[in-house]
Amino acid sequence: MALRALKFASLTAAASGIYLYGNKFLDPNDFGVVRVGRAIATTAVISYDYLTSLRSVPYGSEEYEFLKSQVHLRSAERLRELCCSNRGTFIKVGQHLGALDYLLPEEYTRTLKVLHSQAPQSTRQEIEQVIREDLGKEIKELFVSFEDTPLGAASLAQVHKAVLKDGRTVAVKIQHPKVQAQSSKDILLMEVLLLVVKQIFPDFEFMWLVEEAKKNLPLELDFLNEGRNAEKVANMLKNFDFLKVPRIYWDLSTRRVLLMEFMEGGQVNDRAYMERNGINVNEISRNLGKLYSEMIFVNGFVHCDPHPGNVLVKKCPASGKAHIILLDHGLYQVLSESFRMDYCHLWQALIKADMRSVQKYSRQLGAGDLYPLFACMLTARSWESVNRGIDQSPISASEDMEIRSNAATYLPQITQLLNNVPRQMLLLLKTNDLLRGIESALHTRASASSFLNMSRCCIRAVSTYQRSKSHSLYRRAQISLTETLSLWQINLYELFLWLKGSQLGNWVIALLRRIHQLTY
């Protein structure tokens, strides 16, 4: 069986290779036989490993689980090597998989996370070539100084610090020269290989990954689109004085070169940096939650790549306030109104532990009978905690371990869910996991304030939607009154929690107890 499957995979892959090279839209010289062969070989080896390593072991036994973990790890390492070798789009997709902490087996997410720090770097000559082609000038004609070593390198581009002729310090984001040409071909290759793997493993449902890459990569490769996103989110969230978004310099920006205001700070998951610089860790975590609740529930325009390298923190010397600096605005998800309302209602139900509504809105979002698993995926909590109320107790180490191990146990069901839910949900799940990773690093995960902020945003969003659909002045006034009362309830509860945890609150409680004792 295994040999037949491997033979089938090899023949299909060979046919795919012939198709790719015969396709008039693809330039085989750009694609390269080594690049294609490497991807085919890696896919074949991983498939063969899964087929042969587990076939003689009783399913569900301790030995089976141990061997499965070893196969996961070997396969993840092979996949990581493929991404590092083929670079570009492969690294981008690998980074996406590495961010799905509570949705994929830990062996994969842990192994693929390193791709954030192993992105390729373009040479000085390649950088000069892109700037010359896009801006029509040499680097020395545009800048007083230009640092050769990039501030950071990612799968699609790298960023250099430079000083303009007028003295402004800027960050110059430059696309890797070959990425644009290779991206569509890479996605086509991945699609073909995933279709082959699905023939061998029918439960393997990862076509959503290719569909997302097809949709998002062209947008991420257009730096003018990134600049527009940056300006839109800065204007949208201008009421948050702690948020800083770099200003875009349009006169020196193109689809492959983006010039922006230079900003620096510590990474948002660096607790030691915050403590050294007198930055309140809880305040940063709370403000980050406010930003994303506002983006997701109220505006429906969501920055979907909040890994630590894209979110910096810095204390302003003049005001003493801590700022959150949001970088890399290439990947955004626009949420439809109907999706956003269902998502608001679902989170309200999860916070209130209203299981009937959890089931209703999970089904409306495509989860079907797998709604308990969907609720656990969204919250990264156990089903028991979801039933009890996710705001009732913080997540324990044992519960976190249970969730991570379930990602491997329920992988077929998880991939089925990811195929069934609206495409808008996929980037939100990735964003949720990245934000949870930051909270875990800061030790602020599942704080009551984060749920209160989410509740506020959900109430505001639903009330705004209901008012927009109502033609009755009385009904609109009624909705506004209900909204105000609900927000006041949250404010009072937040005050109660603050008093409960403060020294003043302890004094008040002690005084009330003393009065009670004297009275009775």
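About the criteria used
- Residues numbered from 1 in each chain as written.
- Predicted model: local features only at pLDDT ≥ 70, side-chain atom pairs only at ≥ 80, totals over all residues.
- Heavy atoms only, no water.
- Helix = DSSP H or I, 4+ residues; strand = E, 2+ residues; numbered from the N terminus.
- Buried < 20%, exposed > 50% of the residue type's maximum accessible area, 1.4 Å probe, protein only.
- Areas by Shrake-Rupley, 256 points an atom, 1.4 Å probe, with all protein chains shown as cover.
- pLDDT = per-residue confidence, 0-100.
- Contact = heavy atoms within 4.5 Å.
- Axes fitted to C-alpha atoms, helices over the stretch in contact; angles between N-to-C directions.
- Parallel < 35°, antiparallel > 145°, perpendicular 65-115°, else oblique.
- Nonpolar A, V, L, I, M, F, W, Y, C, P; charged D, E, K, R; others polar.
- Pairing = 2+ DSSP bridges.
- Core = buried A, V, L, I, M, F, W, Y, C linked by side-chain atoms within 4.5 Å.
- Domains from an automatic or database assignment.
- Arc of directions from axis to C-beta.

## Quick notes on the overall build of the protein
Scanning the protein from terminus to terminus reveals 23 helices and 11 strands. Across the 520 residues of the protein, 51% fall into the buried class. Entry remark: accessible area of the protein is about 25100 Å², with carbon and sulfur atoms responsible for 55%.

## Examining the confidence of the model for the protein
With 88% of its residues at a pLDDT of 70 or more, the protein has an overall mean of 86. Contacts for the low-pLDDT stretch residues 18-30, under 50 throughout, to residues beyond four places or in other chains number 15 contacts.

## Considerations on the packing of helix α16 (residues 371-379) against helix α20 (residues 423-442)
α20 packs onto α16 with a crossing angle of 50° between their chain directions and a minimal axis gap of 9 Å. Taken together, the axes of α16 and α20 lie oblique to each other. When α16 is examined against α20, the residues Phe 374, Met 377, Leu 378 and Thr 379 are found in contact with a partner set consisting of Met 425, Leu 429, Asn 432 and Arg 436. Looking at the contact of α16 with α20, its residues break down into 5 nonpolar, 2 polar and 1 charged.

## Structural notes on the sheet that holds strand β9 (residues 311-315)
One open sheet holds the 4 strands; their spatial order is β5-β10-β9-β7, and the pairing between them is mixed. The open sheet has two free edges, formed respectively by β5 (243-244) and β7 (266-267), since each of these has just one partner strand. Pairing analysis gives 2 bridges linking β7 to β9, with the strands arranged antiparallel. The residue bridging Gln 267 from the neighbouring strand is Leu 312, located in β9. Relative to the sheet, helix α13 (residues 281-299) contacts β5, β9 and β10 (322-326), its axis offset from that of β10 by approximately 45°.

## What about the nonpolar core?
If you look at the biggest cluster of nonpolar residues, it comprises 110 residues, and the most contacted ones within it are Leu 291 and Tyr 343. Mapping this core onto the domain boundaries places at least three of its residues in each of domain 1 (21-116 + 186-195) and domain 2 (337-503). Listed in part, the 17 residues of the second largest apolar core include Val 130, Leu 142, Phe 143 and Ala 162.

## What about helix α15 (residues 355-364)?
Among the residues of α15, Ser 357, Val 358, Tyr 361 and Ser 362 are the ones counted as buried. Viewed along the axis of α15, the buried residues span an arc of 125°, placing them on a single side of the element. Contact partners of the buried residues in α15: α14 (337-352) and α16. Count one or two residues on from α15 and you reach Gly 366, which has phi positive near 95°.

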